[in-house]
Amino acid sequence: MATNIANKPRQGQSSVLFNPSIGKKYLMAITGIIAFGYLLGHMGGNLLVFLGQGAINGYAESLHAIPAALWAVRIILILAIVIHIWIGIKLAAENSSARPVAYTKKTFVKASLASRTMWLSGLTILAFLIYHLLHFTVRVTSPEFQTLVDSLGRPDVYSMVVRGFSNYALSAFYIIAVFLTCFHLSHGISSMFQSLGINNPRLQRKLDIGAMSFSAILFLGFSSVPVAVMLGYVTPVVRSL
């Protein structure tokens, strides 16, 4: 009887090491890193609109010169987000049904509003990503974009951006989706480090500040484009006859 009692803590530690939820958390972190990296790159490309038509159209042309690689990135991104959301829902279900005894000592983990709504913001982000691809990439929601070319015969991404965000409803939807994305990241970035085992009570405050700062930068970067279009700082190109 005493032997069984003595072995219980050791068995508990072993079961934690081989718990499938650990692998899910690592996969959550990896897919989150993929999405975060894409957002940084995409924001940089979007901000080229402030340098004018030539800059952003040239950038788009260079990307479309390697269509296989470009679509591979898009597919990987969509799969990463789908996996990220699916695992997040699974983990949330597991956490809600599990006894909280194992987490009583981790007092530095707080259930913020962002953490409680991760699955909802994740689904919203996925829906927006699909619409965004249909709008600016596949161009089925705005067929007129198919024929837009600049003076060099390149797809006129600059004019697509200006025309698209001249629609106030679309701009509002875009800004809201970006806000939800960044709200999601404000918790997701620090949670990612925790999943990788890098988090601790001393580091938590710095990670939270870093996550909030990166999220704010992304929000300002992405939302600045539709705001600039609506305020008239980024205007349509007037072609000379």
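Residues numbered from 1 in each chain as written. Predicted model: local features only at pLDDT ≥ 70, side-chain atom pairs only at ≥ 80, totals over all residues. Heavy atoms only, no water.

## Describing the overall build of the protein
Looking only at helices and strands, the protein has nine helices and zero strands in total. Reading the helices (α) and strands (β) of the protein from amino to carboxyl end gives α-α-α-α-α-α-α-α-α. Across the 241 residues that make up the protein, the buried fraction comes to 35%. Counted over contacts in the protein with a minimum sequence separation of 6, partners at least 24 positions apart contribute 76%. Here the protein has roughly 14,700 Å² of accessible surface; of this, 69% comes from carbon and sulfur atoms. (Helix = DSSP H or I, 4+ residues; strand = E, 2+ residues; numbered from the N terminus. Buried < 20%, exposed > 50% of the residue type's maximum accessible area, 1.4 Å probe, protein only. Contact = heavy atoms within 4.5 Å. Areas by Shrake-Rupley, 256 points an atom, 1.4 Å probe, with all protein chains shown as cover.)

## A word on the environment of Asn-57
Mapping Asn-57 onto the fold places it in helix H3 (residues 53-64). Sequence-wise, Asn-57 and Tyr-158 are 101 residues apart; in three dimensions their C-alpha atoms are separated by 6.4 Å. Look past the residues within four positions of Asn-57 in its chain and what remains in contact with it is Asp-150, Arg-154, Pro-155, Asp-156, Val-157 and Tyr-158. A distance of 3.0 Å separates the side chain of Asn-57 from the backbone nitrogen of Tyr-158, its partner in a polar contact. (Polar contact = N/O pair within 3.5 Å; in protein donor to acceptor, adjacent residues only side chain to side chain.)

## Digging into the packing of helix H7 (residues 157-165) against helix H9 (residues 201-231)
Direction vectors running N to C along H7 and H9 enclose 75°, while the axes themselves pass 9 Å from each other. Relative to H9, the element H7 lies roughly perpendicular. Across the interface between the two elements, Val-161, Val-162 and Phe-165 of H7 pack against Val-225, Pro-226, Val-229 and Met-230 of H9. (Axes fitted to C-alpha atoms, helices over the stretch in contact; angles between N-to-C directions. Parallel < 35°, antiparallel > 145°, perpendicular 65-115°, else oblique.)

## Structural notes on the nonpolar core
The biggest cluster of nonpolar side chains holds 29 residues, and the ones touching the most others in it are Val-49, Phe-165, Leu-218, Phe-222 and Val-234. Put simply, the parts of the chain that give this core at least two residues each are helix H2 (20-46), H3, helix H6 (118-137), H7, helix H8 (168-195) and H9. Discounting residues that sit within four places of it in the chain, Val-49 has contacts with Ile-56, Tyr-158, Val-161, Val-225 and Val-234. (Core = buried A, V, L, I, M, F, W, Y, C linked by side-chain atoms within 4.5 Å.)

## Quick word on the confidence of the model for the protein
Confidence along the protein averages 77 in pLDDT terms, with 74% of residues attaining 70 or more. Scored below 50 in pLDDT, residues 1-18 shows one contact in the model against residues more than four places distant or in partner chains. Under a pLDDT of 50 for its full length, residues 102-110 has, in the predicted model, eight contacts with residues more than four places off or in other chains. (pLDDT = per-residue confidence, 0-100.)

## Section: H9
With 31 residues, H9 extends 44 Å between its outermost C-alpha atoms, agreeing within 8% with the 45 Å of an ideal straight helix rising 1.5 Å per residue. The principal kink in H9, of about 35°, is found at Ser-224, preceding the proline Pro-226 by one to four residues. All buried positions along H9 are accounted for by Gln-204, Leu-207, Ala-211, Ser-215, Leu-218, Gly-221, Phe-222, Ser-223, Val-225, Pro-226, Ala-228 and Val-229. Looking one or two residues beyond H9, the residue adopting positive phi is Gly-232, at roughly 85°. (Expected span 1.5 Å × (residues − 1). Bend = angle between axes of the 7 residues up to and from the residue.)

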